[in-house]
Amino acid sequence: GALPSEVENLLYAVRIKNLASKAGIESITTEHGEITLRLFEGMRFDKQKLEPLIRDGLNLGTFHLRLNLKRLGNQWQEVLEEVVRKVE
């Protein structure tokens, strides 16, 4: 049968953490309705590589990337995974 939503959420979190560690992302935090990705010290986001993903709800800085959960709506998980895969 179908997995309970709690199990699906746990598997998603594990998948994102695994992808993030491979991509050099030190932390993924949530505060004030935004998810913030931070790279390890000395690393920078490749703006040229990530530019095709930039849309309303994404704010790309040199050392962090923010996803606005309200603006991304139901698609935030897909967008987060897409961004983390592109950082790799």
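Here the structure is shown first, and the text comes after it.
Okay, so let's go over this structure. (Residues numbered from 1 in each chain as written. Predicted model: local features only at pLDDT ≥ 70, side-chain atom pairs only at ≥ 80, totals over all residues. Heavy atoms only, no water.)

1. Describing the pairing of strand β2 (residues 34-39)
Inspection of the sheet shows strand β1 (residues 25-31) paired to β2 by six bridges, in the antiparallel sense. Among the inter-strand pairings, I25 is bridged to a residue of β2, identified as L39. In textbook terms, the turn of a hairpin is the stretch between consecutive antiparallel strands, and for β1 and β2 this stretch comprises two residues, one of which, H32, has a positive phi near 55°. As judged from the five bridges shared by β2 and strand β4 (residues 64-68), these two strands associate in the antiparallel manner. Directly across from I35, in β4, lies its bridge partner L67. (Pairing = 2+ DSSP bridges. Helix = DSSP H or I, 4+ residues; strand = E, 2+ residues; numbered from the N terminus.)

2. Re a nonpolar patch on the surface
Nonpolar side chains collect at one region of the surface, where L3, V7 and L11 lie side by side and expose about 240 Å² of accessible area between them. Within the secondary structure, V7 sits in helix α1 (residues 5-23). You can call V7 partly exposed: its relative accessible area is 33%. (Patch = residues over 30% accessible without salt bridge, like charges linked within 9 Å, V, L, I, M, F, W, Y side chains within 5 Å. Areas by Shrake-Rupley, 256 points an atom, 1.4 Å probe, with all protein chains shown as cover. Salt bridge = Lys/Arg side-chain N within 4 Å of Asp/Glu carboxyl O. Buried < 20%, exposed > 50% of the residue type's maximum accessible area, 1.4 Å probe, protein only.)

3. Notes on the pattern of salt bridges
Going through the model one piece at a time under the given rule, you end up with five salt bridges. The closest approach of N and O atoms between R15 and E81, which form a salt bridge, is 3.2 Å. Here R15 is found in helix α1, whereas its partner E81 is found in helix α4 (residues 76-87), with 66 residues between them in sequence. Across the salt bridge formed by R71 and D56, the nearest N and O atoms sit 3.6 Å from each other. Placement of the pair is R71 in helix α3 (residues 69-72) and D56 in the loop between α2 (47-50) and β3 (58-60), with a sequence separation of 15 residues. If you follow the salt bridges from partner to partner, you end up with R15, E81 and R85 in one network.

So far we have only geometry, and geometry alone does not tell us how the molecule works.
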